[in-house]
Amino acid sequence: MTRKGHGQIRQSQVITTYGPGALIDLPRHSAIVGGLDTWPNPGHLDEIIEPRLTRKLGAMTGVPAPRLYAPPPEPGEPWARAKGIGAWRFPEWFVVQETGGGGRSDRSRRLVHRKALDERGRFDRLPVVPTRFVRACPRGHVDDLDWVGFVHGPENRCRRQLWLDETGITGDLADLVVRCECGRSRRLYEAAELDQNPLGICRGARPWLGINTNEDCNHRSRLLIRTASNAYFPQIVSALSLPDRGSAVEGAVREIWDDLQIVDDPAGLAFIKKKPKIAEVLATFEDGEVLEAIGAIRLGQGGERPVKQVELEALLGAKEGFGDDVPIDPDFHARRLPDAAWRRPGPISAGIASVVQLHRLREVLALVGFTRFEAVVPDIHGEYETDVERADIALEPQWFPAVENRGEGVFVQIGADAVADWLQRPAVQQRLDDLRQGHQAWGESRKVQRPFPGGPYVLLHTLSHLLIRSLSMRCGYPASSIRERIYVEEGAEGTRYGILLYTGTPDAEGTLGGLVQQARHFEDHLADALRMGALCSNDPICAQHAPGTSMEGRWLHGSACHGCALIAETSCEMRNDYLDRALVVPVLGLDGAAFFPASQ
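All values reported here derive from a predicted model rather than from experimental measurement.

> Sorry if this is basic, but what is going on with the overall build of the chain here?
Per the secondary structure count, the chain includes 14 helices and 20 strands. Taken against the 2.2 N^0.38 rule, which gives 25 Å for 600 residues, the C-alpha radius of gyration of the chain at 28 Å falls within 12% of a compact globule. With the C-alpha coordinates of the chain rotated into their principal frame, the extents come out at 95 × 60 × 45 Å. Here the chain holds 600 residues, and 49% of them are scored as buried. Residue pairs in contact within the chain that sit at least 24 positions apart in sequence constitute 69% of those at least 6 positions apart. In the structure as shown, the chain presents an accessible area of about 29000 Å², 49% of it carried by carbon and sulfur atoms.

This is the structure in structure tokens:
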């Protein structure tokens with residue numbers, strides 16, 4: 001680990017791209033970002049307060065009362081001492097940049113270990129570059145390849161010089177040969193054949209946490225190109241700073257639970273509220289929500305609710321108005337638009353219940369761990385599975401890095417009755433059966449189990465992507481900077497659906513207002529989205545794609561591809577999975593499963 005800074009990354013990149021355990025190329029070195037133990041003392045970092053997210057992280061990780069801190073910022077003055085993040089040199093094997101002299105070929109280079117380099121980081125006075133091949137496992141462990149063992153086998157430890165020969169011009173694995181001067185050689189593509197276990201069992205190496213930090217692991221090691229997109233998948237938990245009235249009333253009820261535990265009906269509540277202390281604690285709450293909180297606690301349903309459930313209640317609770325008044329809360333200011341402000345007579349928006357403008361919102365994102373090769377995504381409610389095998393970002397985590405974004409957004413509520421009627425149509429049920437078959441085939445191919453998110457989620461998710469494409473044409477923000485949150489709540493308390501499209505930036509008090517103002521033109525954007533979704537440049541191949549019999553492995557896509565419904569993965573909450581235009585608008589050959597009528 002070096003003390004002098006060798007590169008810079010933005011604070012938000014520490015959470016999303018280059019967090020602890022990420023492989024990174026610096027101007028002169030290749031490194032792995034160090035764990036939280038290499039960071040400055042939390043007392044020198046800015047704390048981020050978001051109680052709801054903190055409670056969620058505590059339940060996920062088992063860390064009692066974790067705190068959130070922002071990554072160290074760049075010093076404001078040139079002479080100020082920088083408080084950076086540690087990084088470890090990785091990998092430790094290098095390829096010598098041969099000059100072709102002495103009878104050597106430019107297409108044959110020596111493989112050397114870091115211990116063989118001189119004090120200037122050279123070998124035989126020649127520059128070296130880190131090898132681009134390492135081994136890793138899905139749990140996040142990463143290690144150097146055992147180049148000697150790969151060529152000779154686990155028992156033969158020949159000490160002669162290794163070479164990396166290029167037999168072609170593409171740089172493909174099939175064109176690379178690892179050769180020893182003893183005469184043994186092996187093509188590198190064999191390292192990618194997992195069934196043969198050419199790289200052995202993972203040693204549980206965690207170089208981002210320092211030396212002697214290996215842990216037990218029974219996964220097979222896989223070949224990994226350290227600059228590939230599957231080398232690092234951060235596991236991020238996010239929450240919007242929205243009013244959580246349910247938690248507030250529950251807290252008030254618990255405060256005076258000894259008095260309220262005998263209350264069963266409105267009459268009993270009215271009688272107990274004659275006590276001045278009780279009336280004072282419950283003064284800001286309606287009798288209905290107090291009785292609901294009493295019933296939930298009595299049934300053992302109290303406690304931390306899903307993140308999205310709280311957010312949805314706050315969004316649906318927005319009062320009607322045009323939102324031109326001065327916001328009281330800079331973290332959340334929402335107003336529901338009157339129907340006359342955005343709706344016109346006609347069937348196109350019959351399934352839309354309301355449109356809400358979010359003039360101010362605050363989003364907090366925290367990094368809890370990461371995986372490699374395969375990303376672990378939350379379910380449709382924003383919850384991660386409790387048995388997820390993620391890599392830790394510290395030896396004993398007590399806090400987590402986080403960033404806050406401030407911005408604006410548009411929330412669209414979809415009518416629950418319209419969705420229920422849509423689900424009863426035979427063509428819709430047949431299409432959902434096809435999507436379930438694709439989901440089942442995907443699970444069997446990946447050897448994972450995940451419940452199918454359901455037709456309403458696929459409908460809202462696809463509509464969200466189409467709306468993002470339309471909004472980006474007029475709101476002033478590129479599509480990659482607009483993010484989504486899909487809300488599907490089907491339970492005893494009722495059925496509610498919604499889409500939140502928002503944008504946010506760190507280190508800013510807000511954004512330009514271009515997105516929130518598009519709420520007044522929502523019906524125009526809906527018409528544009530349906531028009532773009534009806535015909536794809538890849539039709540009829542895209543429209544008639546059958547997810548259950550996908551030869552190319554696109555099990556989780558119906559009528560969806562990069563030409564129509566797929567967007568930047570930074571904007572999508574489900575990594576561009578579970579999309580189907582046929583559920584939104586009539587497409588070629590499938591016109592009976594659409595929720596919306598054909599665009600005129």
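> So what exactly am I meant to see when it comes to the pairing of strand S6 (residues 93-96) here?
A regular strand places its side chains so that they alternate between the two faces of the sheet. Side chains Trp93 and Val95 project from S6 onto one buried face, and the interleaved Phe94 and Val96 project onto a second face that is buried too. Where S6 and strand S7 (residues 108-113) come together, three bridges link them in antiparallel fashion. In the strand pairing of S7, Trp93 is matched with His113. Relative to strand S8 (residues 128-130), S6 is paired through three bridges, and the arrangement is antiparallel. Paired with Val95 across the strands is Val129, a residue of S8.

> I tried to follow the packing of aromatic side chains on my own but got confused; where do I start?
Think of a pair of aromatic rings as described by two things: how far the centres are apart, and how the planes are tilted against each other in angle. This model, assessed by the stated rule, comprises nine aromatic pairs. Taken together through their ring pairs, the aromatic side chains of Trp39, Tyr69 and Trp399 make up a single cluster. The ring of Phe373 carries the charged tip of Arg222 above its face, separated from the ring centre by 5.0 Å. When the ring centre of Tyr487 is taken as reference, the NZ or CZ atom of Lys308 above it lies at 5.9 Å.

> Is there a simple way to explain the sheet that holds strand S1 (residues 23-25) in this structure?
The pairing of strands in a sheet comes from backbone hydrogen bonds and takes either a parallel or an antiparallel form. The sheet built from three strands is open, its strands ordered S1-S2-S5 with antiparallel pairing. Here the strands that pair on one side only, and so sit at the sheet edges, are S1 and strand S5 (87-89). Taking each pair of neighbouring strands and ignoring which way they run, the sheet shows an average axis angle of 40 degrees. As defined by bridge partners, S1 adjoins strand S2 (residues 30-33) across three bridges and the pair is classed as antiparallel.

> Sorry if this is basic, but what is going on with the side chain of Asp175 here?
Inspection of the secondary structure assignment puts Asp175 in the loop between strand S11 (162-166) and strand S12 (176-180). Buried within the structure, Asp175 lacks any salt-bridge partner; its nearest side chain of opposite charge belongs to Arg187, at an N-O separation of 5.8 Å. The residues touching Asp175, leaving out its near neighbours within four places in the chain, are Asp165, Glu166, Thr167, Gly168, Ile169 and Thr170.

> Got a minute to help me understand the side chain of Arg372 in this structure?
By the secondary structure assignment, Arg372 is in the loop between strand S17 (352-371) and strand S18 (399-414). Here Arg372 is buried and forms no salt bridge, its nearest opposite-charge partner Glu215 lying at an N-O distance of 11 Å. At 2.8 Å, the side chain of Arg372 forms a polar contact with the backbone oxygen of Gly21. At 2.7 Å, the side chain of Arg372 and the backbone oxygen of Gly140 are in polar contact.

> Could you clarify how one ought to interpret the nonpolar core in this entry?
The biggest cluster of nonpolar side chains holds 55 residues, and the ones touching the most others in it are Ile352 and Ile414. For this core, the elements supplying multiple residues, two or more each, are S17, S18, helix H11 (416-423), helix H12 (426-446), helix H13 (455-471), strand S19 (483-491), strand S20 (494-506) and helix H14 (522-534). Setting aside its immediate chain neighbours within four residues, Ile414 contacts Gly351, Ile352, Ala353, Val419, Leu460, Leu463, Tyr497, Gly498 and Phe595. The next biggest cluster of nonpolar side chains, apart from the first, holds 45 residues, and it includes Ala31, Val33, Leu45 and Phe373.

> I would appreciate a short explanation of the confidence of the model for the chain in the present structure.
Should the pLDDT be low somewhere, the predicted coordinates at that spot are not to be read in detail. Model confidence for the chain is summarised by a mean pLDDT of 85, while 90% of its residues fall at 70 or above. The secondary structure element of the chain with the lowest average pLDDT is helix H4 (residues 245-255), at 71, and the one with the highest is H13, at 95.

> Would you mind going over the environment of Gly438 with me for this structure?
Relative to the helices and strands, Gly438 is located in helix H12. For the pair Gly438 and Gly548, spaced 110 residues apart in sequence, the C-alpha to C-alpha distance is 3.9 Å. When near neighbours in sequence (up to four residues on either side) are disregarded, Gly438 contacts Pro547, Gly548, Trp555 and Leu556.

Cut-offs and rules
- Residues numbered from 1 in each chain as written.
- Predicted model: local features only at pLDDT ≥ 70, side-chain atom pairs only at ≥ 80, totals over all residues.
- Heavy atoms only, no water.
- Helix = DSSP H or I, 4+ residues; strand = E, 2+ residues; numbered from the N terminus.
- Rg over C-alpha atoms; globule rule 2.2 N^0.38 Å.
- Buried < 20%, exposed > 50% of the residue type's maximum accessible area, 1.4 Å probe, protein only.
- Contact = heavy atoms within 4.5 Å.
- Areas by Shrake-Rupley, 256 points an atom, 1.4 Å probe, with all protein chains shown as cover.
- Pairing = 2+ DSSP bridges.
- Phe/Tyr/Trp six-rings, centres within 6.5 Å; stacked < 30°, edge-to-face > 60°.
- Lys NZ or Arg CZ within 6 Å of the ring centre and 35° of its normal.
- Axes fitted to C-alpha atoms, helices over the stretch in contact; angles between N-to-C directions.
- Lys, Arg positive; Asp, Glu negative; His and termini not counted.
- Salt bridge = Lys/Arg side-chain N within 4 Å of Asp/Glu carboxyl O.
- Polar contact = N/O pair within 3.5 Å; in protein donor to acceptor, adjacent residues only side chain to side chain.
- Core = buried A, V, L, I, M, F, W, Y, C linked by side-chain atoms within 4.5 Å.
- pLDDT = per-residue confidence, 0-100.

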